[in-house]
Amino acid sequence: MKKALGRVMNKLNLKYTFCFSLLVFLIGVVLTLNLVPVSGVNEMSEEEIAELLSIGAINYPLGRWLMFCSLFMMVLVVVIYAIKKIKR
């Protein structure tokens, strides 16, 4: 198991992986953007605001999922980078 993890960490290009996760994050942001202008947000409750944001978005659930996955990948890249630096 340790050898397999070492092989993956040696072959993994962290720069490209981080750039890919950043691209996925930006795609998720575009999918969750509200394209319909909303006025009177101060008088609305949190549930109504969330409902309006999800209705006006291109694909709100997929965008949120992509953003969470890319953040997870970014954290993994930073952890792997830190492990590589500690080993040197």
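About the cut-offs
Residues numbered from 1 in each chain as written. Predicted model: local features only at pLDDT ≥ 70, side-chain atom pairs only at ≥ 80, totals over all residues. Heavy atoms only, no water. Helix = DSSP H or I, 4+ residues; strand = E, 2+ residues; numbered from the N terminus. Buried < 20%, exposed > 50% of the residue type's maximum accessible area, 1.4 Å probe, protein only. Contact = heavy atoms within 4.5 Å. Areas by Shrake-Rupley, 256 points an atom, 1.4 Å probe, with all protein chains shown as cover. Patch = residues over 30% accessible without salt bridge, like charges linked within 9 Å, V, L, I, M, F, W, Y side chains within 5 Å. Salt bridge = Lys/Arg side-chain N within 4 Å of Asp/Glu carboxyl O. Lys, Arg positive; Asp, Glu negative; His and termini not counted. Charge placed at Lys NZ, Arg CZ, Asp CG, Glu CD. Expected span 1.5 Å × (residues − 1). Arc of directions from axis to C-beta. pLDDT = per-residue confidence, 0-100.

### Digging into the overall build of the chain
- Tallying secondary structure elements over the chain gives four helices and zero strands in all.
- In the chain, the succession of α and β elements from N to C terminus is α-α-α-α.
- Expressed as a percentage of its 88 residues, the buried residues of the chain come to 18%.
- Contacts spanning at least 24 positions in sequence make up 75% of the contacts within the chain whose residues lie at least 6 apart.
- Per element, the accessible surface of the chain, about 7,000 Å² overall, is 70% carbon and sulfur.

### So, a nonpolar patch on the surface
- A contiguous nonpolar surface patch, about 470 Å² in accessible area, is contributed by Val 30, Leu 33, Leu 35, Val 36 and Ile 58.
- Structurally, Leu 35 is set in the loop between α2 (14-32) and α3 (46-56).

### As for a negative patch on the surface
- Residues Glu 46, Glu 47, Glu 48 and Glu 51 make up a contiguous surface patch of negative charge.
- Turning to its location among the elements, Glu 47 is positioned in helix α3.
- On the accessibility criterion, Glu 47 (60% relative accessible area) is exposed.

### Structural notes on α2
- When the terminal C-alpha atoms of α2 are compared, their 27 Å separation across 19 residues agrees well with the 27 Å that a helix rising 1.5 Å per residue should span.
- If you check which residues of α2 are buried, you get Leu 14, Ser 21, Val 24, Gly 28, Leu 31 and Thr 32. Considered in projection along α2, the buried side chains sweep an arc of 105 degrees and stay on one side of the axis. The exposed set on the far side of α2, more than 90 degrees from its buried face, consists of Lys 15 and Tyr 16.
- Considering only its buried residues, α2 is in contact with α4 (60-87).

### Regarding the side chain of Thr 32
- Tracing the chain through its elements places Thr 32 in helix α2.
- Look at Thr 32 and you get buried, because its relative accessible area is 16%.
- Sequence-distant contacts of Thr 32, that is, excluding residues within four places in its chain, are made with Ala 57, Tyr 60, Gly 63, Arg 64 and Met 67.

### Quick notes on the side chain of Ser 21
- By the element assignment, Ser 21 lies in helix α2.
- In contact with Ser 21, not counting residues within four places along its chain, are Ser 70, Met 73 and Met 74.

### Concerning the confidence of the model for the chain
- Of all residues in the chain, 89% have pLDDT values of 70 or greater, and the mean over the chain is 85.
- Across the chain, the secondary-structure element scoring lowest on mean pLDDT is helix α1 (residues 2-11), at 67, and the one scoring highest is α2, at 91.

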